[in-house]
Amino acid sequence: MSDDQEIRFARLERAPAYKNVSEAILKDIIDGRLTVGNRLPSENKLAEQFGVHRSTVREGIRLLEETGVLRREFGKRLVVSRPSYGSVGNQISRAMIMHEVTFRELWETIMAIEPATAALAARRRTAEDLDRIADNITRTRAALNDNKAIVALDIEFHSLVAQACANRAIVLAREALTQLFYPAFKAVLTGVEVAGTRLLAAHEAIAQAIADSDVETTRKWMERHINDFRKGYEMSGFDIDCSVEAPAKEK
C-alpha cells in the first residue's frame, strides 16, 4: 500500500447505555462480586453510580429481570436470583425457533441425550425420585383417554427422569428440547390409536429398570421409546423436517 493511499476503518458501534448497565451488573454477578440473594442499590443510586439517567438503569434492569438474573423482592428491592430452568429454556427455545431448527434435529439431539440421562438416573435415583416417577405413571394410566393430559404427563415423566440423574447441566441443557419437542406429540396421539398405550408401556419399563438400577436396560428402553416418537410422527403424517415453532397456548 502506498503512503498516499487512504486507510479507512469501519465505524465503531456503541452499545446503548442500558446494555452497558445490564452487562456491568451481569459481570459482577458472574465474577462473584454479587451473589444470589444480594440486594442491589435503588434505581436512583444505581443511576448516580453509573452516571446515567434512571430510565437507562430501569431498561438495563428489565433485561436482567427477563432472563431471571434479577427479581423484585416484595415488588420493590432488586435481588440477585438464580435463573429458573424454564427461563433458561425459554431463551434457548426462542433461538432455536429463529434459527429454524427442525423437529428432526430436535429428535436427533433427544436421541443422544435422553438415553444417557436415563442411564445416569438408574445409577443415582433416590427413593423420592422413584416415588415421584411411580406417581406419574399411576396418573398416566388413569388418563389414557385424555390426550391433553397424556402430553403433560409425558413431559413430566421425562423431566422427573432428568431430575433423578442429579446433573444440573443436563437438566438445563434439555429444557429447551422439552419445551419444543414433546408438546408436538399431540399430533401423534390423535393420529396413532395405540400411541398412548405404547407410551405407558415404555414409561413403565423405564421406571422399573431405573428402580432396579439396571443401567443398560434403562438405556435400551429409553432408546426404544425415543425411536417410537419418530415412528409415531411418521405414522401420523407429521413432517419432522418442518421447523419447530412455539407451542400454542392452551385455551
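All of these numbers come straight from a predicted model, not from anything done at the bench.

Draft legend 1. Spatial organisation of the overall build of the protein. A count of helices and strands for the protein gives 11 helices and two strands. When the helices and strands of the protein are listed from N to C terminus, the series reads α-α-α-β-β-α-α-α-α-α-α-α-α. A globule of 251 residues ought to have a C-alpha radius of gyration of about 18 Å, yet the protein, at 24 Å, is considerably larger. For the C-alpha atoms alone, the extent of the protein along its principal axes is close to 70 × 55 × 40 Å. Here the protein holds 251 residues, and 39% of them are scored as buried. Considering only intrachain contacts with a sequence separation of at least 6, the fraction spanning at least 24 residues in the protein is 73%. Here the protein has roughly 15,000 Å² of accessible surface; of this, 51% comes from carbon and sulfur atoms. The average position of the 36 basic charges and that of the 37 acidic charges among the side chains of the protein differ by 6 Å.

Draft legend 2. Highlighting the packing of helix H4 (residues 85–98) against helix H8 (residues 168–181). Closest axis-to-axis distance for the H4/H8 pair is 8 Å, and the angle between their directions is 50 degrees. Put simply, H4 runs oblique to H8. Crossing of H4 against H8: the hand is right-handed. Mapping the contact onto sequence places Tyr85, Gly86, Val88, Gly89, Asn90, Ile92, Ser93, Met96 and Ile97 in H4 and Arg168, Val171, Leu172, Glu175, Ala176, Leu177, Gln179 and Leu180 in H8.

Draft legend 3. View of the pattern of salt bridges. If you walk through the whole model with that rule in mind, you get 18 salt bridges. When the shortest N-O distance is used, the salt bridge between Glu114 and Arg174 registers 3.0 Å. Here the residue Glu114 occupies a position in helix H5 (residues 103–124), and Arg174 occupies one in helix H8, the gap between them amounting to 60 residues. Just as Glu114 is buried, Arg174 falls in that class too. Close ionic contact of Arg139 with Glu156 constitutes a salt bridge, the shortest N to O distance being 2.4 Å. Taken as a pair, Arg139 in helix H6 (residues 127–142) and Glu156 in helix H7 (residues 147–164) lie far apart in primary sequence, 17 residues in all. Residues participating in the shared-partner salt-bridge network are Glu43, Arg54, Arg58, Glu65 and Arg72.

What counts, and at which threshold
- Residues numbered from 1 in each chain as written.
- Predicted model: local features only at pLDDT ≥ 70, side-chain atom pairs only at ≥ 80, totals over all residues.
- Heavy atoms only, no water.
- Helix = DSSP H or I, 4+ residues; strand = E, 2+ residues; numbered from the N terminus.
- Rg over C-alpha atoms; globule rule 2.2 N^0.38 Å.
- Buried < 20%, exposed > 50% of the residue type's maximum accessible area, 1.4 Å probe, protein only.
- Contact = heavy atoms within 4.5 Å.
- Areas by Shrake-Rupley, 256 points an atom, 1.4 Å probe, with all protein chains shown as cover.
- Lys, Arg positive; Asp, Glu negative; His and termini not counted.
- Charge placed at Lys NZ, Arg CZ, Asp CG, Glu CD.
- Axes fitted to C-alpha atoms, helices over the stretch in contact; angles between N-to-C directions.
- Parallel < 35°, antiparallel > 145°, perpendicular 65-115°, else oblique.
- Left-handed = near helix turned anticlockwise from the far one by under 90°.
- Salt bridge = Lys/Arg side-chain N within 4 Å of Asp/Glu carboxyl O.

Take it as geometry only, folks, not as evidence of what the structure does.
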